[in-house]
Amino acid sequence: MAEDFARAVEDGLKLAKRIYLGKDRGLVAPPKPLPPMEKSPHLYLPSAPMVYAVIFDPRIVDNPDIPSYQPHVHGRCDPPALIPLQMSGVDLDVDCYADTAFIQVSGKWRVHCVMASRSCDCRIAVPMGDQGSILGVEVNLPTKSYSTELNGVEESKGIEKIARPEDGGFLKTHIFTLTIPQIDGGTNISIKLHWSQKLSYNEGQFFLTVPFSFPEYVTPAIKKISKKEKIQLNVNPVIATGILCKATSHPLKEIRRRAGGFSFLYEAEILTWSNTDFNFSYCISSGNIFGGVLLQSPSLYDYDQRDMFCIYLFPGSQQSRKVFRKEVIFVVDISDSMQGRPLESTKNAISTALSKLSPEDSFNIIAFSNETFLFSTSMELASEEATERATEWISMKYSVGGGTNMFIPLEKAAEMLSNTRGSIPIIFLVTDGAVEDEKNICDWMKKRLTNGGSLCPRIHTFGIDSIEVQMQKLFSKGLSTVLASISIDAFDDHEQIEVYSSCIPDLSFESPLTICGRYQGSFPDILKAKGILGNLSSFIIDLKIERAKDIPLDRVLARQQIDLLTAQAWFSEKKQLEEKVLKLSIQTCNICEYTRMVLLEQNKIDKATDSSGARKIPKKGDPHKMEDSEAPKKVLLQSLSVGFGDLIATAENIRPGSEEQKLPEVAEIFMKATSNCCGQICNQCCCMCCIQCCSKMNNQCGTTLAQLCTALACFGCLDCCVELCCPGQDGQ
């Protein structure tokens, strides 16, 4: 889908050259597609929030203010071309709380490429940063407004209108798209986009990257159009002290500093929009592990009226701490569905992970499908020679067919790590498949790990639906443990405390650790965290307890809570937990497995009543503008959640994203036509081959086919050939 989107944008840029910009043009030239030598498959994917005109009929492409009377264009764009709309203003608001950022982008776009008498769909694209999660979209038009909300899956079944897959979903895991229907040419569109994302962390520094690099062709070409760019950043380090700002990509000015954080502002009239992502980093000055506890009472609208707590642990600087010696086993799926990019990305990521091991670490690799293949019959020390052999071994592995039997390799890995002493045993499971007995596997592994003591194997799972960089982050985090076997003393003795995580993860140099939950009654006055350091000595730290101030703790913790509770609900199959996740998802606007996103359409009316006598209500802040009081129209978007796996796809070794697509309309028409005429021409003709061929043909080939069908009409196939060549009323 991402590559199709990029090609559609390239086609749109070619169409946009038809638009006459007038004599009052500024410095910006009409958009030019790059020459073939400079192209890449993802060149035209959005690197900042963007809006595109969806063009099926190229005849409607023109300047809505100054008609250019271009030569008539025949044909249709199928798939449609995407013309990037010009932007006249953008505000970026960022609120950071420790490792979580909430982003709001407010922008103004204009449908500058469609005749004033015609209309088109407009597609919004929202690229997000690390672990981005879309929270909502608001669109304001002169006569309508649109917004998104979350409904429960059962409630959503009552919505009759269902959007097409291309009208709302994810191009890639970090790019969300949403289509707004039929907007008139020349219309100004105001849009607000909301999402959350994570800050990366390394050696005491937090790094924020927000996609904010706009291509030059979204800058209005007219000189007199004012272009204003604004960035506001608020940083609250939560429990950390000694904050120091390190770097920023844009000229921010500090406007406020207080005990709980600081604020920055950048605002300017510009000639062209930002051509670089917004980057910001700040440092926490502490060489040792430190932490604290935040408490917060629930809001009146919270479905759970128990108080919240959040424990933060920060790893400090790497120079002052020793990481654990590690025994690592990579368990890699090489079934047919992994062939191609998924397996190649896995190989590259494992090669990088092997290079990060220390000589005193040990490792092994187990590849599996229906069979199991071992790099070595025993654990190997991570010498340069051994890692080179392992890299060569895994690079030679290719998909060998068969199903996905992951229990045997996991059992073998756990057995090889059963006698680990003085090191951290780690299993990385990399697969794209779902298996029938996965709950039994989880239950078996949980029991085995429970009986394995404080340094039992750590299992990191990674489903192949992301990119190589994300895999490397997972490996890097798993290999940089600084504090293991963490426990909180009061949790075992306090029945009124619910911890959302069934077991507390290790603390890594790559990320601070967050432990969250709810409690009833009084919280302990004293809290201690215990663990084991890299040199195998014991570690104890007193955690300072304080009330959260100016921190929306429920929003900050929402994504983590939803993920943890969803895993528990899946494993336990408890409806009560599913209901808890559903309510939390709707309350915090975070997508989950039990909710669906809905697009709401609301008409605006300027008069107090319409011809039907329906009552209108004044718009807030303006008593002269009126809004319709009727319920908004609802459109149900396709499911945006990850899901719990597809057993059929796994059994049939279907690669991720390669599911068979429905045949296009023209191919379906051709199937009807060939059923009447092809058999008369050649008894050996395969209609399905023709259909698959036609669904991928280019325009020139389509013209040739139309001419052929015209000739065939002379042999008594006139009706079916006319249906093939002229499927629409407009004669296209």
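Residues numbered from 1 in each chain as written. Predicted model: local features only at pLDDT ≥ 70, side-chain atom pairs only at ≥ 80, totals over all residues. Heavy atoms only, no water.

Identification of the protein as Inter alpha-trypsin inhibitor, heavy chain 4-like isoform X2 from Durio zibethinus is taken from an unreviewed UniProt entry.

## Considerations on the overall build of the protein
Summing up its helical and strand segments, the protein has 13 helices and 35 strands in all. Looking at the protein residue by residue over its 732 residues, the buried ones come to 49%. Long-range contacts, defined here as pairs at least 24 residues apart, represent 77% of the contacts in the protein between residues at least 6 apart. Accessible area for the protein stands at about 36,200 Å²; split by element, carbon and sulfur atoms hold 51% of it. (Helix = DSSP H or I, 4+ residues; strand = E, 2+ residues; numbered from the N terminus. Buried < 20%, exposed > 50% of the residue type's maximum accessible area, 1.4 Å probe, protein only. Contact = heavy atoms within 4.5 Å. Areas by Shrake-Rupley, 256 points an atom, 1.4 Å probe, with all protein chains shown as cover.)

## Re the environment of Cys456
As for its placement among the helices and strands, Cys456 is situated in the loop between α6 (438–450) and β25 (458–463). As a C-alpha pair, Cys456 and Ser418 span 38 residues in sequence and 7.8 Å in three-dimensional space. Aside from chain neighbours lying at most four places away, what touches Cys456 is Pro425 and Leu449.

## Examining the packing of helix α8 (residues 553–572) against helix α9 (residues 575–588)
At their nearest, the axes of α8 and α9 sit 9 Å apart, and the two run at 155 degrees to each other. As summarised for this structure, α8 and α9 are arranged roughly antiparallel, according to the angle between their axes. The interaxial crossing formed by α8 with α9 has left-handed handedness. Only Leu577, Glu578, Lys580, Val581, Leu584, Ser585, Gln587 and Thr588 of α9 make contact with α8, whose side of the interface consists of Asp554, Ala558, Gln561, Ile562, Leu565, Thr566, Gln568, Ala569 and Ser572. (Axes fitted to C-alpha atoms, helices over the stretch in contact; angles between N-to-C directions. Parallel < 35°, antiparallel > 145°, perpendicular 65-115°, else oblique. Left-handed = near helix turned anticlockwise from the far one by under 90°.)

## Regarding the packing of aromatic side chains
This structure, assessed with the given rule, holds 22 aromatic pairs. A ring pair is formed by Tyr97 and Phe102, whose centres lie 6.2 Å apart and whose planes are at 65 degrees; its orientation type is edge-to-face. An angle of 75 degrees between the planes, with centres 4.8 Å apart, marks the rings of Phe428 and Phe475 as edge-to-face. You can see Phe428 sitting in strand β24 (residues 424–431) and its partner Phe475 sitting in helix α7 (residues 468–478), a full 47 residues away along the chain. Across the pair, exposure class does not vary: Phe428 and Phe475 are buried alike. Among the aromatic residues, ring-to-ring pairing joins Tyr201, Phe206, Phe262, Phe264, Phe280, Tyr282, Phe290, Tyr312 and Phe314 into one connected group. Taking NZ or CZ as reference, Arg555 lies 4.0 Å from the ring centre of Phe102, over its face. (Phe/Tyr/Trp six-rings, centres within 6.5 Å; stacked < 30°, edge-to-face > 60°. Lys NZ or Arg CZ within 6 Å of the ring centre and 35° of its normal.)

## Some words on the pairing of strand β3 (residues 86–97)
Both β3 and strand β4 (residues 100–110) contribute to a ladder of 11 bridges, which runs antiparallel. In the strand pairing of β4, Asp93 is matched with Gln104. Count of turn residues in the β3/β4 antiparallel hairpin: 2 residues, of which Ala98 carries a positive phi of about 55 degrees. Relative to strand β13 (residues 228–236), β3 runs parallel, the two being bridged by 9 bridges. What sits directly across from Gly89, in β13, is Lys228. (Pairing = 2+ DSSP bridges.)

## Concerning the pattern of salt bridges
Following the criterion strictly, the structure yields 30 salt bridges and no others. Close ionic contact of Arg110 with Asp65 constitutes a salt bridge, the shortest N to O distance being 2.9 Å. On the criterion of sequence distance, the pair formed by Arg110 in strand β4 and Asp65 in the loop between β1 (50–55) and β2 (81–84) is long-range, its members being 45 residues apart. Using a relative accessible area of 24% as the deciding quantity, one classes Arg110 as partly exposed. (Salt bridge = Lys/Arg side-chain N within 4 Å of Asp/Glu carboxyl O.)

## Some details on the sheet that holds β1
Strand order in this open sheet of 5 strands is β2-β1-β5-β9-β8, and the pairing throughout is antiparallel. Where the open sheet ends on each side, the last strands, each with one partner, are β2 and β8 (168–172). Across this sheet, the average inter-strand angle for adjacent strands is 35 degrees, counted without regard to direction. Across 5 bridges, β1 lies against strand β5 (residues 119–127) in antiparallel orientation.

## Points about the side chain of Thr177
By the secondary structure assignment, Thr177 is in strand β9 (residues 175–184). A residue is classified by how much of its surface remains accessible, and Thr177, at 5% relative accessible area, is buried. With sequence-adjacent residues up to four places away left out, Thr177 is seen in contact with Arg123, Ile124, Ala125, Asp167, Gly168, Gly169 and Leu171.

## Considering the sheet that holds strand β12 (residues 205–210)
Overall, antiparallel pairing links the 4 strands, which are arranged β11-β12-β17-β14 in an open sheet. Since the sheet does not close on itself, it has two edges, and those belong to β11 (200–202) and β14 (243–248), each with one partner. If you compare each strand with its neighbour and ignore which way they point, the axes differ by 20 degrees on average. Examined bridge by bridge, β14 and strand β17 (residues 278–284) share 5 bridges and lie antiparallel to one another. Along β17, the bridge assignment pairs Ile243 with Ile284.

## Concerning the state of the cysteines
Evaluated as defined, the whole model comprises 0 disulfides. Looking at the unpaired Cys122, the closest cysteine sulfur is the one in Cys120, lying at 4.3 Å. (Disulfide = S-S within 2.5 Å.)

## Thoughts on helix α4 (residues 384–395)
Owing to its 3.6 residues per turn, the α-helix aligns residues three or four sequence positions apart on the same side. When the terminal C-alpha atoms of α4 are compared, their 16 Å separation across 12 residues agrees well with the 16 Å that a helix rising 1.5 Å per residue should span. Listed in full, the buried residues belonging to α4 are Ala386, Thr387, Ala390, Trp393 and Ile394. Buried residues of α4 fall within an arc of 120 degrees about the axis and therefore sit on the same side. Of the exposed residues in α4, those oriented more than 90 degrees away from the buried face are Glu384 and Glu392. Along its buried surface, α4 packs onto α3 (341–355), β21 (362–368), β22 (372–374) and β23 (380–381). (Expected span 1.5 Å × (residues − 1). Arc of directions from axis to C-beta.)

## Here we look at unusual backbone geometry
In most cases, non-glycine residues show a negative phi, while peptide bonds are predominantly trans. Cis geometry is found at the peptide bond from Asp78 to Pro79, where omega equals 5 degrees. Looking at where Pro79 falls in the secondary structure, it is placed in the loop between β1 and β2. Backbone geometry places Glu573, a non-glycine residue, at a positive phi of 60 degrees. Among the secondary structure elements, Glu573 is positioned in the loop between α8 and α9. Residue classification places Glu573 among the exposed positions, given a relative accessible area of 57%. If you check the backbone angles, Cys589 has positive phi at about 65 degrees while not being a glycine. By secondary structure assignment, the location of Cys589 is in the loop between α9 and β32 (595–603). For Cys589, a relative accessible area of 36% gives the class partly exposed.

## Let's talk about the nonpolar core
Ranked by size, the top nonpolar core spans 118 residues in total, and within it Ile55, Leu233 and Phe278 carry the most contacts. Per-element accounting of this core gives the leading share, 8 residues, to helix α1 (residues 2–16). Leaving out residues up to four positions away in the same chain, Leu233 has contacts with Val94, Cys96, Leu208, Leu252, Phe262, Ser263, Phe264, Phe278 and Phe280. In terms of nonpolar packing, the next biggest core, distinct from the first, is built from 31 residues, Ile334, Ala382, Ile424 and Met471 among them. (Core = buried A, V, L, I, M, F, W, Y, C linked by side-chain atoms within 4.5 Å.)

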